[in-house]
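Observations on the three-dimensional arrangement
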Amino acid sequence: MGTDLHDLLRSLRVWDAELPSFDPAAAPAEPLTLFTEWFAEAAAAGQAEPHTMSLATTGEDGLPDVRIVMLHGADEDGWAFASHVTSRKGHQLAARPYAALGFYWPAQGRQIRLRGPVTAASPEESLADLHARSTGALAAALVGRQSEVLPSRAELDRASDAAWQRAESAPDAPAPTWTLYRLRPDEVEFFQGDARRRHTRLVYRRAETGWTTGLLWP
């Protein structure tokens, strides 16, 4: 395989495996149930890290920004993720509390897209969420200073070592800037890929008394 980017791209193929079927007429009345079903099926199919998702926000300059974060949970209150309130995405969500999430599970040719307003949980709930995670997650949160300019890798190593020591000796240590966020979707789209490109796109839109559904051209 060569190193020319365009040749490499043309050599790649997607969805060589048999993809699952999806009948939108049999979909549940609300998206959380279908999301939970698809998430479980992705994990069972061997999809690596199905809980990773793209988070898109908008800066005060109106320009978009995107990164990968972890899903912390999903319920009637929304899809949850966490970050430092002082990070770039924290500042962006404070200025424009609306975001989009994207899941991609190539093992089954599936995508899920969500858009909606974002709210921050209380400090108590945010801390409880952090303490329910791993020692490494606490250590990373204790390092803090996310998105700030890093003078040198050595400074990061020193801060990380100190944070790990504190996380291991004090598993209930607070991380004041760590914040749990929830996106409560106005719209959720479920995309099922098809090898012949006859993809199925089912979109849920929030209404006053529940959800409406419809299909989109692929």
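So, a few notes on the structure that sits alongside this text. Predicted model only: the values in this text are computed from it and were never measured.

Overview of the overall build of the protein chain
The number of helices and strands found in the protein chain is six helices and 10 strands. Projecting the C-alpha coordinates of the protein chain onto the three principal axes gives extents of approximately 55 × 55 × 40 Å. Counting only residues that meet the buried cut, the protein chain has 34% of its 218 residues in that class. Taking the contacts inside the protein chain whose residues are at least 6 apart along the sequence as the reference set, 63% of them involve residues at least 24 apart. Looking at the protein chain as shown, the accessible area adds up to about 12900 Å², and 53% of this sits on carbon and sulfur atoms. Looking at charge distribution, the protein chain has the averaged site of its 22 positive side-chain charges lying 6 Å from that of its 29 negative ones.

Here's the deal with the nonpolar core
In this structure, Phe35, Trp79, Phe81, Phe103, Ile112, Leu114 and Phe190 are the most contacted members of the largest nonpolar core, which totals 26 residues. For this core, the secondary-structure elements that each account for two or more residues are helix H2 (31–44), strand E1 (52–58), strand E4 (78–84), strand E5 (98–105), strand E6 (110–120), strand E7 (178–183), strand E8 (187–192) and strand E9 (200–207). With five residues, H2 is the single largest residue contributor to this core. Counting 14 residues, the second largest nonpolar core, distinct from the first, contains Ala139, Ala163, Ala167 and Ala175.

Observations regarding the side chain of serine 126
With respect to the helices and strands, the residue serine 126 is situated in helix H4 (residues 123–131). The buried category is assigned to serine 126, whose relative accessible area is 1%. Here serine 126 is in contact with Ala121, Trp178, Thr179 and Leu180, once residues within four sequence places are set aside.

Quick word on the packing of aromatic side chains
Here the structure, examined in full by the defined rule, presents 11 aromatic pairs. Ring geometry for phenylalanine 103 versus tryptophan 105: centroids 5.7 Å apart, planes at 55°, classification tilted. Given the relative accessible area of 2%, phenylalanine 103 is considered buried. Judged by its relative accessible area of 1%, tryptophan 105 falls in the buried class.

Criteria and thresholds
Residues numbered from 1 in each chain as written. Predicted model: local features only at pLDDT ≥ 70, side-chain atom pairs only at ≥ 80, totals over all residues. Heavy atoms only, no water. Helix = DSSP H or I, 4+ residues; strand = E, 2+ residues; numbered from the N terminus. Buried < 20%, exposed > 50% of the residue type's maximum accessible area, 1.4 Å probe, protein only. Contact = heavy atoms within 4.5 Å. Areas by Shrake-Rupley, 256 points an atom, 1.4 Å probe, with all protein chains shown as cover. Lys, Arg positive; Asp, Glu negative; His and termini not counted. Charge placed at Lys NZ, Arg CZ, Asp CG, Glu CD. Core = buried A, V, L, I, M, F, W, Y, C linked by side-chain atoms within 4.5 Å. Phe/Tyr/Trp six-rings, centres within 6.5 Å; stacked < 30°, edge-to-face > 60°.

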